[in-house]
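Below, each chain spelled out in residue letters.
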Amino acid sequence: MKTLLQKVASIFSNVVFYISIFIFIIAFNFAHNPPGGWYQQFLPDLNGRHITDITFIDSLIGFASTDNLSPGDTGYILKTTNGGDNWNFTLVVDKGFTSMDFVNESIGYACGGSGGGTTYLCKTTNQGLNWLTVNSPSAAKLKDLSVLNNDTIWVVDDEGFDGGVFRTTNGGANWIQQLNLGSDNPDKIYMFNSRIGFITQDGNYIRKTTDGGQSWFVVLSGSFTDMFFAD
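Owing to the predicted nature of the structure, the values given are computational and were not obtained by experimental measurement.

This next bit is on the packing of aromatic side chains. What describes a pair of aromatic rings is the distance from one ring centre to the other and the angle between the planes of the rings. Scanning the entire structure with this criterion turns up 9 aromatic pairs. With centroids separated by 6.1 Å and ring planes inclined at 85°, the aromatic side chains of Phe 56 and Trp 87 adopt a geometry described as edge-to-face. One end of the pair, Phe 56, is in strand E1 (residues 51–56); the other, Trp 87, is in the loop between strand E3 (75–80) and strand E4 (88–93), with 31 residues separating them in the sequence. Note on Phe 56: relative accessible area 35%, which makes it partly exposed. Among the residues examined, Trp 87 registers a relative accessible area of 9% and is labelled buried.

Structure (structure tokens):
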């Protein structure tokens, strides 16, 4: 029969063994999923295309858009349903995309153009399962969009001649040019609501409107590539 000392030693050995396993598991998880850190995710082969925009509906469902290599070449819209760990093509079409925005979990828009006077705006109403073409303003290439609701959409084109800021209030059936600054036309837009919004041109300015795009005033000069406001 084991002595009391042998029993204690056996129990102690088992405890140390299980604690060691527990520490190993914790260390393994921390090494691969550092708390609050970043880890690399991987996309399907894009054949040289570049990601131009990315947006998430929630913590799991997200979309990414790509450019195309030349006018008439193929561009992609991709979708993830597991927080970006896996991506699948949801639209493969002879268009290049520059920006995306979603109204809600079902309705979203993507814009782009050839740069030669052909703009396009695509819309989904079923979480990217299908996309249809929506009427877009006559300009060179839509560079960015901001969607307030299913009817009110803002787009910008930085081309000097026929670009500027455009708005529709009927889902793209008709467009109004809100602003044209020539060579200073914006390439980014963010509308917080129907009255307050911001535009920027890389290397130049941030302008703001408080009257629904009727007038825009400079709030900051300098080089900016994007903007977002929490409130």
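To continue, consider the environment of Leu 181. Of note, Leu 181 is situated in the loop between strand E12 (176–179) and strand E13 (188–191). Leu 181 sits 17 residues away from Gly 164 along the chain, and the two C-alpha atoms are 6.5 Å apart. If sequence neighbours within four positions are ignored, Leu 181 has contacts with Tyr 205 and Arg 207.

Cut-offs applied
- Residues numbered from 1 in each chain as written.
- Predicted model: local features only at pLDDT ≥ 70, side-chain atom pairs only at ≥ 80, totals over all residues.
- Heavy atoms only, no water.
- Phe/Tyr/Trp six-rings, centres within 6.5 Å; stacked < 30°, edge-to-face > 60°.
- Helix = DSSP H or I, 4+ residues; strand = E, 2+ residues; numbered from the N terminus.
- Buried < 20%, exposed > 50% of the residue type's maximum accessible area, 1.4 Å probe, protein only.
- Contact = heavy atoms within 4.5 Å.

The quantities given are spatial measurements derived from coordinates; they are silent on function.
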